[in-house]
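Each chain is listed here by its residues.
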Amino acid sequence: MRSYSNPEAVLLDMDGTLVDSDGAVERAWAAWALEYGVDPARALADMHGSPAHLTAARLRPDLDAAGVEAAAQRQLDLQYADLADVVPTPGADRLLAALDRIGLPWAVVTSADDRLAKARLAAAGIVPPLLFTFEDVERGKPDPEGYLLAAKTLGVDPAACLVVEDSEPGLAAGRAAGAMTASLRGLDADVRLRDLGHLAELLVPDGR
């Protein structure tokens, strides 16, 4: 029976879900916004969950394709340079220990590129068994391609996967993949989590 407490695999977003990089992300987007003539408050409200080029295109719709590519690269450059205070999110270590203990497959599916994802995960001391970045897909979140690819690689039906996210684009991607969804930040999903430690409790209720 389909149940978020008994999935066949757990697919985790990175930024804001598995890795607390909020400070670094916000600093990079605020600096980028000032360079590109965008209200920083608007950039910070729109930055979460999508690849940099999609966010840049939304914030600067006047840019042509080359301009969007340059703007996105500049945004990434700002993020590459800032790994200060990047740490695991609350409960992340507990969740990963629980997944390992019960032998439940898991993977990270992120809108970050390969370089940024590996840098942030390393800064947080997390080594995922599988990592899928924006460079592995043609279309980023909210498109389900990344989650479908992760499920296929793990050999698990997407409907039996639990997607864990902290953004609307990410949750939309999970739903479009046909997966069960778990959310942070109070967003709507099949289950709302206080933190990743809460998910560990759901997956291993007897503490074994």
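A short tour of the structure in this document, coming up.

Thresholds applied
- Counting of residues starts from 1 at the beginning of each chain's written sequence and follows it residue by residue.
- For this predicted model, a pLDDT threshold of at least 70 governs which residues receive local features, and a threshold of 80 or more governs which side-chain atom pairs are given and counted, while totals over whole chains, interfaces and linings are taken from all residues.
- To get the side-chain values, all heavy atoms of the structure are used, and hydrogens and water are removed first.
- A strand pair is defined by DSSP finding two or more bridges across the two strands.
- Secondary structure elements follow DSSP: runs of H or I no shorter than four residues count as helices, runs of E no shorter than two count as strands, and numbering proceeds from the N terminus.
- Here, two residues are considered to be in contact whenever any of their heavy atoms come within 4.5 Å of each other.
- Simply put, an axis is a line fit to the C-alpha atoms, just over the touching stretch for a helix, and the angle between two N-to-C directions goes from 0 to 180 degrees.
- Note on definitions: salt bridges are taken to be side-chain nitrogens of Lys or Arg within 4 Å of carboxyl oxygens of Asp or Glu.
- Each residue's exposure class comes from its accessible area (1.4 Å probe, protein chains only) as a fraction of the maximum for that residue type: buried when under 20%, exposed when over 50%, partly exposed otherwise.

### A word on the sheet that holds strand 8 (residues 191-192)
Pairing is parallel across the open sheet formed by six strands, whose spatial order is 5-4-1-6-7-8. Edge strands, defined here as strands with exactly one partner in the open sheet, are strand 5 (131-132) and strand 8. Bridge analysis of strand 4 (residues 106-109) against strand 5 gives two bridges, and the strand direction is parallel. Opposite Val 108, over in strand 5, you have Leu 131 as the bridge partner. Helix-sheet contacts for helix 9 (residues 196-203) involve strand 1 (9-12), strand 6 (161-165) and strand 8, and the interaxial angle to strand 6 is about 160°.

### Things to note about the pattern of salt bridges
Throughout the structure, instances matching the rule amount to 16 salt bridges. Its salt-bridge partner being Asp 82, residue Arg 27 comes within 2.7 Å of it at the nearest N-O pair. Remark: Asp 82 occurs in the loop between helix 4 (65-80) and strand 3 (87-88) and Arg 27 occurs in helix 1 (residues 22-35); sequence separation between them is 55 residues. Among the residues examined, Arg 27 registers a relative accessible area of 35% and is labelled partly exposed. Residue Arg 194 pairs with Glu 201 through a salt bridge whose shortest N-O separation is 3.3 Å. Among the residues examined, Arg 194 registers a relative accessible area of 59% and is labelled exposed. According to the relative accessible area criterion, Glu 201 is partly exposed, its value standing at 33%. Through salt bridges with shared partners, a single network forms among Glu 138, Arg 139, Asp 143 and Glu 145.

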